[in-house]
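Structure assessment
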Amino acid sequence: MGRMGIYPDLPPLPVVVGYEVAGRVDAVGASADPVWLGRDVFALTRFGGYSDVLCVPEKQVFARPPTCRR
């Protein structure tokens, strides 16, 4: 729905859609736990999940279980 532009809460264009991501943490903020560095994770986003690089609050990041590895 977001890609088609019919999601009710979609911000005006241009907008980067995507509500969740999977990847590897390559940097953390000053107040984040550095244990996340290099870990494979899932993260929830409001928008922006189709981006190459994404920043999300630590509380929205979850470790990927071993069964979900690449």
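Just above, that's the structure.
Structure report, in brief. Residue positions are given per chain, counting from 1 as you read along its sequence in written order. Predicted model: local features are reported for residues with pLDDT of at least 70 only, side-chain atom pairs are reported and counted for 80 or more only, and whole-chain, interface and lining totals are derived from all residues. Just so you know, side-chain values use all the structure's heavy atoms and leave hydrogens and water out.

1. Focus: the sheet that holds strand 1 (residues 20–24)
Each strand in a sheet pairs with another by means of backbone hydrogen bonds, the pair being arranged parallel or else antiparallel. Read from one edge to the other, the open sheet built from three strands follows the order 1-2-3, with strand pairing classed as antiparallel. At either margin of the open sheet sits one strand with a lone partner, and together these are strand 1 and strand 3 (61–63). Along the sheet, successive strands turn relative to each other by an average axial angle of 25 degrees, direction set aside. One bridge is not enough; two strands pair if DSSP finds at least two bridges between them. A run of H or I in DSSP becomes a helix once it reaches four residues, and a run of E becomes a strand once it reaches two; helices and strands are each numbered from the N terminus. Where strand 1 lies against strand 2 (residues 40–44), five bridges are found, and the strand directions are antiparallel. Every axis corresponds to a line fitted to the C-alpha atoms, with the helix fit spanning only the stretch in contact, and the corresponding angles, defined between N-to-C directions, vary from 0 to 180 degrees.

2. Regarding the side chain of Asp40
Its place among the elements puts Asp40 in strand 2. To sort residues, take the accessible area from a 1.4 Å probe on protein chains only and compare it with the maximum for the residue type: under 20% means buried, over 50% means exposed, and anything in between is partly exposed. Residue class for Asp40 comes out buried when judged on its relative accessible area of 12%. Within the local environment of Asp40, its side chain forms a polar contact with the side chain of Arg24, the two groups lying 3.0 Å apart. Under the rule applied, a polar contact is a pair of N or O atoms within 3.5 Å (in protein, one hydrogen donor and one hydrogen acceptor; residues adjacent in sequence only if both atoms are side-chain atoms).

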